[in-house]
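Summary of structural features
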Amino acid sequence: MNPSDRIDSIDALRGVALLGVLAINLVMEFRVSIFEQFLSAVPPAAPLDRAVETVLMLAVDLKAFALFSLLFGIGLAIQFEHLSESPRRAVLLFRRLIVLLAFGLIHLCLIWNGDILTEYALAGLIVLPFLFGPRWLLAGGAAAFLGVYLAMQVWPPAGLFPSFTSIQRDVQEANQIYATGSFGDVLAFRLREIPLFVPLHVYMLPRTLGLFLFGAFVWRSGVLRTPHRVLLFSTAVVCIGLGALLVLSGSSSFVAVTGIGRLATPVGTIALALGYGAAILAIANLTSGKALLGWAVPLGRMAFTNYLAQSLIFGWIFYGYGLGLFGSIGAAKALVIGLAVYIAQIFFSAWWLGRYRYGPVEWLWRTLMYGTMQPMSIAPLTSSI
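What you see is a predicted model, and the numbers here were worked out from it, not measured in a lab. (Residues numbered from 1 in each chain as written. Predicted model: local features only at pLDDT ≥ 70, side-chain atom pairs only at ≥ 80, totals over all residues. Heavy atoms only, no water.)

**Observations concerning the environment of leucine 213**
- Its place among the elements puts leucine 213 in helix H8 (residues 183-221).
- You can call leucine 213 buried: its relative accessible area is 0%.
- Through-space distance from the C-alpha of leucine 213 to that of isoleucine 74 is 8.4 Å; in sequence the pair is 139 residues apart.
- Once residues lying within four places of it in the same chain are set aside, the contact partners of leucine 213 are Val127, Phe130, Leu138, Gly141, Ala142 and Phe145. (Helix = DSSP H or I, 4+ residues; strand = E, 2+ residues; numbered from the N terminus. Buried < 20%, exposed > 50% of the residue type's maximum accessible area, 1.4 Å probe, protein only. Contact = heavy atoms within 4.5 Å.)

Encoded structure:
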């Protein structure tokens, strides 16, 4: 596998993973309040909507984000490697993450408070020093942070999460303001909600750090530099099988209340993410891989642009300053809307990259990172960074 094919396979994986992120963000957060799932009394749903929600929760929820975390760690390691000859490597990588943090804060405050970019930027700043160390440091750091995350499942930090009353009140306000409020009303409420989101990010940060480091370790180990199809397919079979078994067992109310049961779902989630990633990379490395997954490559190369565009589009569809569909449609209809947007982004990404070298947000990110205007004219793409 030559370098361009290798990068194409990673971009294809990123493009496919973006569909999982879109589905969860749309069905569980844009359509209704994210905090509704924490209430004991959830409004009844039609059978098809319940089926969609169940499949997404078991097969996609948190798995897509775990996969994106792995990809972000791989991307950091690739960028670190590409800058190996630059005396400004540390400064450039630091600036890259600071620019991402700025984008994340703008997205968080002005567009959508379900933002993940801010957490990724902060986690990246913590992970950055590890990249200057040997592989064992990456592996050890990944194990340590994931160990902390799993320990928090068994012994949740006291006082971290908001009270049931505050969550219930927030959901009631969200149902009114997001559905009917003006842009100013939605913006003000979005900012008031941020303190409720902070504990969720604190809770997930050790997992994000661990997966960043594990992704960097996987890249540096060299297993993604050559096909390794047998290893990839074997990893896919084992991890998907084990992950599915753990997630299904963790969904059992009897198992979930035990100490070991509390670990089943988080461990299964990570295993499924690894399995999904290995399966898609294995397919991408087949002779027919380009035909099967070539459509996802442009989407993955413009993942940053597409992610932000989804927030703008879904905000207009579901909030009161647009169509105001918040809380009024089921999961199945929302997913159909999401698939339509995703398909449109597939065509738009291919059209854009047929004319320009980077996606618009990727170009701005790169320009701000280097401090000089980056070319936008068509050129051979040899990097997925």
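Text resumes after the structure shown.
**Some words on the confidence of the model for the protein**
- For the protein, per-residue confidence averages 91 on the pLDDT scale, and residues scoring 70 or more make up 93% of the total.
- Mean pLDDT per element in the protein: helix H10 (residues 253-256) is the minimum at 52, and helix H5 (residues 117-127) is the maximum at 98.
- Confidence drops under a pLDDT of 50 for residues 1-6, and excluding neighbours within four residues, the segment shows 11 contacts in the predicted structure.
- Contacts for the low-pLDDT stretch residues 379-385, under 50 throughout, to residues beyond four places or in other chains number 16 contacts. (pLDDT = per-residue confidence, 0-100.)

**Focus: the packing of helix H4 (residues 89-111) against helix H14 (residues 303-318)**
- Interhelical geometry of H4 versus H14 gives an angle of 15° and a closest axis separation of 11 Å. The angle between the axes of H4 and H14 places the two elements in the roughly parallel class. Considering the relative orientation of H4 and H14, their crossing is left-handed. Of the residues in H14, those in contact with Leu100, Phe103, His107 and Ile111 of H4 are Phe304, Tyr307, Leu308, Ser311 and Leu312.
- Taken together, the residues of the contact of H4 with H14 sort by class into seven nonpolar, two polar and no charged. (Axes fitted to C-alpha atoms, helices over the stretch in contact; angles between N-to-C directions. Parallel < 35°, antiparallel > 145°, perpendicular 65-115°, else oblique. Left-handed = near helix turned anticlockwise from the far one by under 90°. Nonpolar A, V, L, I, M, F, W, Y, C, P; charged D, E, K, R; others polar.)

**Considering helix H7 (residues 164-180)**
- Compared with the 24 Å implied by 1.5 Å per residue over 17 residues, the 25 Å span of H7 between its first and last C-alpha is a close match.
- Bending of H7 peaks at approximately 25° at the position of alanine 174.
- Buried residues of H7: Ser166, Ile167, Asp170, Val171, Ala174, Ile177, Tyr178 and Ala179, and no others.
- The inward-facing, buried residues of H7 abut H8 and H14. (Expected span 1.5 Å × (residues − 1). Bend = angle between axes of the 7 residues up to and from the residue.)

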